[in-house]
Amino acid sequence: MDVFAFDFSALFTLQALFAIIFGTIFGLFIGALPGLGATVGIALILPVTFTLDPLPAILLLVAVYQCAEYGGSISSIVLGVPGTPAATATLIDGLPLARKGSPGKALGYSLTSSTIGGIVGGIILMTLTIPLANIAVKFGDPEFFLIGIVGLILVGGLSSKDLPKSFLSVLFGLLLSMIGIDTMTGSARFTFGSLSLLDGVSMIAVLIGMFAISEVLFMLGDLRKRYVSKKENLKTKISWEEFKNVFKSIMKGSFIGSFVGVLPGLGAGPASWFAYTEVKRSSKNPEDFGKGEPNGIAAPEAANNGAVGGALVPLLTLGLPGSPATAVILGAFLIQGIQLGPNVFKSETNLIYGIFWGFLIATVAMYVIGKYTTSLWARVLTLQNYILIPIILLVTIIGVYASSQNIFDVWVAIAIGVLAYILKKLDFSLPSIILAFILGPIIETSFRRSISMSGGDLTVFFTRSYSQIIIGILILMLIAIFISHRKQKTQKVKEETKAS
Amino acid sequence: MKRKKLFYFTILLLLITSLLAACGDNANSEDATYPDKSISMIVPFSAGGPGDVMTREVASIAEEFFGQTVVVENKPGGSGSVALNHTINQEADGYTIMNHSSTLPQTMASGEIPFTPDDVIPVATMVSNYHVLAVMADSPFQTFEDFVEYAKENPGELNVVGSNTNGANHVFSLKVMDGAEIDFNYVAYDGGGEALTRLLGGNADAIGASGEVVQQQVEAGEVRILAVSSSERVPLHPDIPTFKELGLENVDDELIWRGFFVKPGTPEDVIEEIQDVLKSVTESEEFAEYAEKTNQDIYFVTGEELETILNDIYNESKDLFERYK
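Computed from a predicted model, the values in this text were never measured in an experiment.

Thresholds applied
- Residues numbered from 1 in each chain as written.
- Chains lettered and ligands numbered in written order.
- Predicted model: local features only at pLDDT ≥ 70, side-chain atom pairs only at ≥ 80, totals over all residues.
- Helix = DSSP H or I, 4+ residues; strand = E, 2+ residues; numbered from the N terminus.
- Buried ≥ 20, exposed ≤ 12 C-beta atoms within 10 Å, placed from the backbone.
- Contact = placed C-beta atoms within 7 Å.
- Axes fitted to C-alpha atoms, helices over the stretch in contact; angles between N-to-C directions.
- Parallel < 35°, antiparallel > 145°, perpendicular 65-115°, else oblique.
- Nonpolar A, V, L, I, M, F, W, Y, C, P; charged D, E, K, R; others polar.
- Left-handed = near helix turned anticlockwise from the far one by under 90°.
- Expected span 1.5 Å × (residues − 1).
- Bend = angle between axes of the 7 residues up to and from the residue.
- pLDDT = per-residue confidence, 0-100.
- Domains from an automatic or database assignment.

Along the backbone of chain B there are 11 helices and 10 strands. Per-residue burial for chain B yields a buried fraction of 49% across its 325 residues. Contacts spanning at least 24 positions in sequence make up 75% of the contacts within chain B whose residues lie at least 6 apart.

Residues and elements named next belong to chain A. Direction vectors running N to C along helix α2 (residues 38-49) and helix α12 (residues 324-335) enclose 10°, while the axes themselves pass 8 Å from each other. It follows that α2 is roughly parallel to α12 by the angle criterion. On α12, the residues touching Ala-38, Thr-39, Ile-42, Ala-43, Leu-46 and Thr-49 of α2 are Pro-324, Ala-325, Val-328, Ile-329 and Ala-332. Here the contact of α2 with α12 is built from residues that sort into nine nonpolar, two polar and no charged.

With that settled, consider the interface of chain B and chain A. At the junction of the two partners, chain B supplies 37 residues and chain A supplies 43 residues. Among the elements of the structure, α2 (50-66), α3 (81-88), β6 (185-189), α7 (192-200) and α8 (211-219) of chain B are those that each provide at least two residues to the side of chain B that touches chain A. When residues in the side of chain B that touches chain A are grouped by element, the largest group, six residues, is from α7 of chain B. Among the residues forming the side of chain B that touches chain A, the class breakdown is nine nonpolar, 19 polar and nine charged.

As a further point, take the packing of helix α1 (residues 14-32) of chain A against helix α14 (residues 349-378) of chain A. All names here are of chain A. The interhelical angle for the contact between α1 and α14, taken along N-to-C directions, is 45°, at an axis separation of 9 Å. Viewed along their axes, α1 and α14 adopt a mutual orientation that is oblique. Crossing of α1 against α14: the hand is right-handed. In contact with Ala-16, Ile-20, Ile-21, Gly-23, Thr-24, Ile-25, Leu-28 and Ala-32 of α1, α14 contributes Gly-358, Ile-361, Ala-362, Ala-365, Met-366, Ile-369, Gly-370, Thr-373 and Trp-377. Its residues assigned to classes, the contact of α1 with α14 shows 12 nonpolar, five polar and no charged.

For the rest of this paragraph, the subject is helix α3 (residues 54-78) of chain A. Residues and elements named next belong to chain A. An ideal rise of 1.5 Å per residue puts 36 Å on 25 residues; α3 measures up with 37 Å between its terminal C-alpha atoms. Along its length, α3 shows its largest kink, about 25°, at Ala-68. Counting buried positions along α3 yields 24 of 25 residues, so the element is predominantly enclosed. Positioned one or two residues after α3, Gly-80 has a phi angle of 80°, which is positive.

When glycine is set aside, most residues are seen to have a negative phi, and most peptide bonds are trans. The linkage connecting Tyr-34 of chain B with the following residue, Pro-35 of chain B, adopts the cis geometry, with an omega of -10°. With respect to the secondary-structure elements, Pro-35 of chain B resides in the loop between α1 (2-27) and β1 (39-43). Unusually for a residue other than glycine, Phe-190 of chain A sits at a positive phi of about 50°. With respect to the element layout, Phe-190 of chain A can be found in the loop between β2 (188-189) and α8 (203-219). We classify Phe-190 of chain A as partly exposed; it has 13 C-beta atoms within 10 Å. The residue Glu-181 of chain B is not glycine, and still its phi comes out positive at about 50°. Inspection of the secondary structure assignment puts Glu-181 of chain B in the loop between α6 (168-180) and β6.

A few words on the confidence of the model for chain B. Residue and element names in this part refer to chain B. Across chain B, pLDDT averages 88, with 90% of residues at or above 70. Note on residues 24-31: pLDDT under 50 across the span, and three contacts to partners over four residues away in sequence or across chains. Across the whole predicted complex the pTM is 0.83, and at the interface the ipTM reaches 0.81.

Moving on: the domain arrangement of chain B. Residues and elements named next belong to chain B. According to the domain assignment, chain B contains domain 1 (38-128 + 256-323) and domain 2 (129-228). Of note, the centres of domain 1 and domain 2, computed from C-alpha atoms alone, are 27 Å apart. Taken together, the contact pairs 15 residues of domain 1 with 13 residues of domain 2. Looking at the side of domain 1 that touches domain 2, the elements with two or more residues in it are α4 (103-110) and α11 (303-323). Sort the elements by how many residues they give to the side of domain 1 that touches domain 2 and α4 lands first, with four residues. Residue composition of the side of domain 1 that touches domain 2, grouped by class: three nonpolar, 10 polar and two charged.

See the structure below:
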């Protein structure tokens, strides 16, 4: 295959370029509205593609996908209202940086990292599609179980200021994720007869309740506070020095995102969290994270856009959608009369290469359009708290309602918000709860499927070659966490002896 | 400046009057003939899924025949019970039409949702797809007989993947077990694509899914179908036997279909009107094109015939779920 032999004139048609630009603007807008993410955005724009040629049709959807993943972080950073699990990872450092008076910088870090993440994801898509898909498809349930466990240990080990509390937080997140119909047996768990709980607690209600509503409760303490007073701080940009400072985190995030994105069923949410925890783990000053550390914005943002390219890998090579968003794109291919599958690289070479290149152009368009539009959102932070709080609450409630059109979820969000406020006051770890909530279903179902398939034999987790690699990584991580703990301890002891 | 204000005021006034005019349209709908206002189609799944795509296709074609706008609303959640609950809480006037599939009576039978077939009236089915039992091309099972033979010698050892518990794939797998008197392990995934991934990765022995799920891999020569669940051989795979031919009398036209339902108590003439429109939709060129592109067959069944199908699925599934608990 030769990606460079592609005839670029197919890409530079009016229809294709218009599709990319329109998709970019629409994606940014939909992504910035919490509750409506990439999947809803793609589904909403799908009817438009019916009248387009295949290449512009798919590029329109891919542009929406890419930009909605980025746009999700805007409301996270500016309002503290996360619309997706991925954007929640950005919130942890993005919101404090914006509230310290630099929303433009926070948005700048996010945009730059997203763009680079998108490009890295695109390049991986172009060069490694077939080998990567072949590896990803071999991942079975034992591997997914182990990856989930790695994620839990990472986050548990990280927020270990108080180990028992972080352990309890993980357990609480797992418990939340168990509510609803058990996918293996079909029986209802912890639903208390409520129809609305049959599908589990809504992810968006949990995210928004836990971060946005609890934050609003904290803001009530200071109604006259104004976060941004200088206008030049609204501009979406970062300096070259600042960029160099986060470059390593961007690259880490991009690669983690691209590779985790390839695995069906994981996608952008876990990818961002893995990237965040890894960058925090390897940082020289992990205590700065959560207070507006730029590296804490760069890594998850690069990861969630890297995951977009990754998620297209199994879709384009095998016709397997690994996420709800790619499932809708698969539908669009069908409507265009193109059957995605192992043969598509041979039968539709030009279309596939067109998508690859168009994907990169869409990412660049995202940077340009994002740079000039996102600062508008930052303006919200020039308001005083007594105006800002009602705006946030309104956005929150509309967001939760729009995601499911079920008023029950709004109540869930409010209840979780109040609970999260108390937990935060008591110093429990909200990220641990969220990550456990996201990974819980993956860990549980993959564990039970593994056991079901192996006929109850637990060695299935140790005997497969991919499992062994993951266990190897797991052991290395545990050692790394242990060593850094020892270092911190001895450092503390040294400082204390010096001080005395 | 004053002029500008006046201009805005006029526009505002115009907008308000037109809004009020729109309200007036609905006010005396009692004695008019159906339909004289917009119709909602409720989709119990999130946007973008196959049920949603079909309903949107139907809605856009049906608008012409109804002479009214058709609005599609997604009410996902609770294995369809959120949408069902919404539908039976509206007036029984035919303005709320719910989309669902043959999975509905199956989830009802499993006791997963607190409803029975008496809670809905099936209006019509639109499209269908047959089930297949398929293996990888390099699998030792060349025929369904090989599969049965191995399963008989090693009961419970073969892993067959499919989409969801208590759904169409699950019932299909149970029926194959029942008919062939074998025992294998059905492992449920969230959707046919995920199940197929496990088969392709060599993590499962076979897949029990709708034909469209494996079609591309079959064309590429990666996957081999052992048997199909329709009563006749399918034109796409003339060489592949049906389960009925292989002696599984109980797996006869075991189809997955998608259709529409209304609330019990809806007037007969309204139901007939909807049936007529849906029939015209299935006969339209656009719909034929949609069905072909999505690898589905047009399958239009209504009235008593459909009610019997619905009740049969319910009773049969209930029996299977109890026996294979």
